[in-house]
Amino acid sequence: MSRLLTRRGLIGGGLAIGAGGLLSGCDRLGESPAFRKILSCGEAMNRHAQRLLTDRNALAREFSASDISPFFRGNGSQNPGTGGYPEHAAAGFANWRVRVSGLVARPLTLSMAQIRSMPKRSQITRHDCVEGWSAIGKWTGVPLSLLLDQAGLSDRARFVVFRCADQIGGAPYYESIDLIDALHPQTIMAWALNDALLPIRNGAPLRLRVERQLGYKHAKYVQAIEAVATLDGIGLGKGGYWEDRVDYEWYAGI
Ligand SMILES: Nc1nc2c(c(=O)[nH]1)N[C@H]1C(S)=C(S)[C@@H](COP(=O)(O)O)O[C@H]1N2
Ligand SMILES: [Mo]
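We now turn to the structure provided with this report. (Residues numbered from 1 in each chain as written. Chains lettered and ligands numbered in written order. Predicted model: local features only at pLDDT ≥ 70, side-chain atom pairs only at ≥ 80, totals over all residues. Heavy atoms only, no water.)

1. Brief notes about the pattern of salt bridges
Next, step 1: Taken as a whole and judged by the stated rule, the model has nine salt bridges.
Next, step 2: Among the ionic pairs, Lys138 bridges to Asp195, the shortest N-O distance being 3.0 Å. Note that Lys138 is positioned in strand 4 (residues 133-143) and Asp195 in the loop between strand 7 (188-193) and strand 8 (196-197), a separation of 57 residues in sequence.
Next, step 3: The exposure class of Asp195 is exposed, given its relative accessible area of 59%.
Next, step 4: Salt-bridge contacts for Lys217 lead to Glu175; the nearest nitrogen and oxygen are separated by 2.7 Å. Taken together, the residues span a long stretch of sequence, with Lys217 in the loop between strand 9 (207-209) and strand 10 (222-228) and Glu175 in strand 6 (residues 171-178) at a distance of 42 residues.
Next, step 5: Relative accessible area serves as the criterion here: at 0%, Glu175 is assigned to the buried category. (Salt bridge = Lys/Arg side-chain N within 4 Å of Asp/Glu carboxyl O. Helix = DSSP H or I, 4+ residues; strand = E, 2+ residues; numbered from the N terminus. Buried < 20%, exposed > 50% of the residue type's maximum accessible area, 1.4 Å probe, protein only.)

Pasting the structure below:
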């Protein structure tokens, strides 16, 4: 107790000397217990960091049905010839499996029927490609957080990696996001676009929607979802196919 009081005194004194402006703000909480007061001052000083966190959790704008683009173009790979894709497409993706593994307690192997029967979310959002085009579409899919919950995400996990069926120039397309985006309510594994199953050009049978980031983060043709502690040793180590090759940022916030 005496130690606590001493620390309190020290912190209070430090603020009184070093941060007059902050202290007057905190003094308005004069009736609060001293520990509340210290917490509030700390919060004020962390305002910048907190705002960054808050912004990361904010929702992307959602549009109305009348805003939907008449045609949602495809970009990048539009019909993979690798990863057994042609055979899967011919079978209507009945044999497509999505593996959820890595730092999870219960690795999952899910069919598209299983994924489509899970709770779903729909959102009408604008896709922005770094190459300078945008399109608005209605995406429907299972929240990624739900898949990760079901698999039992380990507290050692820091990133989620998406492995795709397609290759560009012989290297597999992949992407990764951090847990803030992985657990964001609008981050879904989408299996429908504009109320129809995904067209092949847009990533059938399953693609990531991570609405606060640019188009290249939205991995199409996803076959595996992997929770990892580090991006070292995955691809060329920069967290995504394009990040590894050109100057595209790993965090492509919009
Ligand atoms: N597997 C895979 N995912 C991918 C790509 C790709 O080439 N392969 N291209 C990316 C880019 S640059 C964009 S803009 C979007 C395009 O999505 P769309 O084809 O549905 O328009 O997918 C992204 N996801
Ligand atoms: Mo893109």
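2. A short note on the side chain of His218
Next, step 1: By the secondary structure assignment, His218 is in the loop between strand 9 and strand 10.
Next, step 2: For His218, a relative accessible area of 3% corresponds to the buried category.
Next, step 3: Look past the residues within four positions of His218 in its chain and what remains in contact with it is His127, Arg207, Leu208, Arg209, Val210, Glu211 and Gln213. (Contact = heavy atoms within 4.5 Å.)

3. A word on the packing of aromatic side chains
Next, step 1: A complete count under the given rule lists eleven aromatic pairs for this structure.
Next, step 2: Relative to Trp133, the ring of Phe72 has its centre 6.3 Å away and its plane inclined at 85 degrees; by these criteria the two rings are edge-to-face. With a gap of 61 residues between them, Phe72 in the loop between helix 4 (47-57) and helix 5 (85-90) and Trp133 in strand 4 connect regions that are remote in the sequence.
Next, step 3: Look at Phe72 and you get buried, because its relative accessible area is 4%.
Next, step 4: Aromatic pair Phe72 and Trp139: ring centres 5.2 Å apart, planes at 80 degrees, arrangement edge-to-face. Linking Phe72 in the loop between helix 4 and helix 5 with Trp139 in strand 4, this pair joins segments that are 67 residues apart in sequence.
Next, step 5: In this structure Trp139 comes out as buried when scored by relative accessible area, which is 0%. (Phe/Tyr/Trp six-rings, centres within 6.5 Å; stacked < 30°, edge-to-face > 60°.)

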